[in-house]
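A closer look at the structure
The primary structure of each chain is shown beneath.
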Amino acid sequence: MIFVVSFIGAVVASFCCVVGERYILNESFLAGRSRCNYCRKNVRLIDLIPVISYALLRGKSHCCRKKIPTDYVCIELLVSVSWAIAYAKWGISTESIGYAVLTCLLSIITITDLRAMIIPNKILGCFFLFFVLFYWSTNQLSIGRFVDSLFMFLFFLCIVFFQKEGIGGGDIKLFILLTFILGLYEGMLILLFSCMFALIIGLLMKKRRGQPFIFGPMIAFVTVGSTLCEMVLVKTIFPFWFL
Ligand SMILES: [Zn+2]
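Starting from 1, residues in each chain are numbered consecutively following that chain's sequence as written. Only residues with pLDDT of at least 70 are given local features in this predicted model, and only at 80 or more are side-chain atom pairs given and counted; all residues enter the totals for whole chains, interfaces and linings. Hydrogens are left out, water is left out, and the side-chain values use all remaining heavy atoms of the structure.

For the protein, the helix and strand inventory stands at 10 helices and zero strands. Secondary structure elements are taken from DSSP: a helix is a run of H or I of four residues or more, a strand is a run of E of two residues or more, and numbering for both begins at the N terminus. Each helix and strand of the protein, ordered N terminal to C terminal, gives the series α-α-α-α-α-α-α-α-α-α. For the radius of gyration, the atom set is restricted to C-alpha positions; the globular benchmark scales as 2.2 Å times the number of residues to the power 0.38. Against the compact-globule benchmark of 18 Å for 243 residues, the protein has a radius of gyration of 19 Å, which places it among compact chains. Overall size of the protein, expressed as C-alpha extent along the three principal axes, is 55 × 45 × 35 Å. For the protein, buried positions account for 40% of its 243 residues. What makes two residues a contact is simply this: any of their non-hydrogen atoms within 4.5 Å. Taking all contacts inside the protein whose residues are at least 6 apart in sequence as the whole, residues at least 24 apart take part in 66%. The method behind every accessible area is Shrake-Rupley, applied with a 1.4 Å probe, and residues are considered shielded solely by the protein chains displayed. Carbon and sulfur atoms make up 71% of the accessible area of the protein, which amounts to about 14200 Å² in all. Positive charges come from Lys and Arg, negative ones from Asp and Glu, while His and the chain ends are left out of the count. Where a charge lies is defined by one atom per residue type: Lys uses NZ, Arg uses CZ, Asp uses CG and Glu uses CD. Charged side chains in the protein number 22 positive and 12 negative. The centres of these two groups are separated by 10 Å. Relative accessibility thresholds used throughout: buried, under 20% of the residue-type maximum; exposed, over 50%; partly exposed, between the two (1.4 Å probe, protein chains only).

Now the structure itself:
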């Protein structure tokens, strides 16, 4: 069963990548088959199997032998592994369903941020609506979630007030949405760890201040990791935060 879940995870992640890609190209994600990024020919059905097709084709498209973007296969692999872990932890439950939808959001914004450096409002809005309905239907919709999000908003308002440049508007909205979904502690910790992660990568890549920085994928990576670990590590290091 766990293999079925992780395979479905890879298929869903693959679909989310297409949604992100087509959003940028302003195409409908429902109409039409997947096409090659280079020559726009239809991709054969057999080449649409996540991860496996990529391995069989050795990372090159069948039609014109050009390189298939590696971020696709990375996202498919990560989501598939994380769905397997989530299934092992929570089984089929509201937690795992909420988590699965969260990985969809993160996959889509990773692609839009990598390709066009945007985190679309429409995508964030759709997922916000979904989670409002989801928490409402599972009796988990409390005023606290909105207060937490408001607090995160005010926190960023202060940051933007004191420092004009730095973090992008899309990233801020994503953090506010993540706070709504996961709560203020998790939201703050994801912010802290994403910044640390970005700092390390920035130093490694020798990015200068003021150069544009693609933050979305890092937020996504940290969110997946921290949600699955349920901050076990952090709770051990900073236990006083959780008293
Ligand atoms: Zn092609």
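Let us keep going from here.
The subject of this paragraph is the coordination of the zinc ion. Donors, by definition, are the N, O and S atoms found within 2.8 Å of a metal, the threshold being 3.2 Å for Na, K and Ca, and water is not counted, so a site can look incomplete. For the zinc ion, the full set of protein donor atoms is Cys36 (SG), Cys39 (SG), Cys63 (SG) and Cys64 (SG), at a range of 2.3 Å. Each of the four donor atoms bound to the zinc ion contributes to angles spanning 100 to 120°, and the resulting shape is tetrahedral. We note that the donor set of the zinc ion lies within a single chain, spaced as C-x2-C-x23-C-C. Here cysteine 39 is found in the loop between helix H1 (2-25) and helix H2 (52-56), whereas its partner cysteine 64 is found in the loop between H2 and helix H3 (70-90), with 25 residues between them in sequence. Looking at cysteine 39, the relative accessible area reads 31%, which means it is partly exposed. Assessed through its relative accessible area of 25%, cysteine 64 is described here as partly exposed. Sites are called tetrahedral only when four donors show all angles between 85 and 135 degrees, square planar or octahedral only when four or six donors show opposite pairs over 155 degrees and all other angles between 65 and 115, and irregular in any remaining case.

For the rest of this paragraph, the subject is unusual backbone geometry. One non-glycine residue, arginine 65, lies in the positive phi region at around 55°. Relative to the elements of secondary structure, arginine 65 occurs in the loop between H2 and H3. Classification of arginine 65 by relative accessible area gives partly exposed; the value is 47%.

So, about the environment of leucine 106. Note that leucine 106 resides in helix H4 (residues 94-116). Between the alpha carbons of leucine 106 and glutamate 76 there is a distance of 12 Å; along the sequence they are 30 residues apart. Those residues within four positions of leucine 106 in sequence are excluded, and the remaining contacts are Leu178, Ala220, Thr223 and Val224.

On to the pattern of salt bridges. For this document, the term salt bridge refers to a Lys or Arg side-chain nitrogen within 4 Å of an Asp or Glu carboxyl oxygen. According to the stated counting rule, one finds six salt bridges in the structure shown. Here glutamate 21 and arginine 115 are joined by a salt bridge, their closest N and O atoms 3.2 Å apart. In this pair, glutamate 21 sits in helix H1 while arginine 115 sits in helix H4, placing the two residues 94 residues apart along the sequence. Looking at glutamate 21, the relative accessible area reads 13%, which means it is buried. One salt bridge in this structure joins arginine 40 and glutamate 27, with 3.3 Å as the shortest N-O distance. Pair noted here: arginine 40 is in the loop between H1 and H2 and glutamate 27 is in the loop between H1 and H2, with a separation of 13 residues, a long-range link. Each member of the salt-bridge network shares a partner with another, and the members are Arg22, Glu27, Arg35 and Arg40.

Each helix should span, by expectation, one fewer than its residue count multiplied by 1.5 Å. The terminal C-alpha atoms of H3 lie 30 Å apart, and with 21 residues this matches the ideal 30 Å at 1.5 Å per residue to within 8%. Taken together, the buried positions of H3 are Asp71, Tyr72, Val73, Ile75, Glu76, Val79, Ser80, Ser82, Trp83, Ala84 and Ala86. Looking at the buried residues of H3, the elements they touch are H1, H2, H4 and helix H9 (216-229). In the stretch just after H3, glycine 91 is the one whose phi turns positive, near 65°.

What follows concerns H4. The end-to-end C-alpha distance of H4 is 33 Å, a good match for the 33 Å that 23 residues give at a rise of 1.5 Å each. Along H4, 17 of the 23 residues are buried, which leaves the element largely enclosed by surrounding structure. Positive phi shows up at methionine 117, right after H4, with a value of about 55°.

Fair warning: the whole summary comes from geometry, so function is off the table for now.
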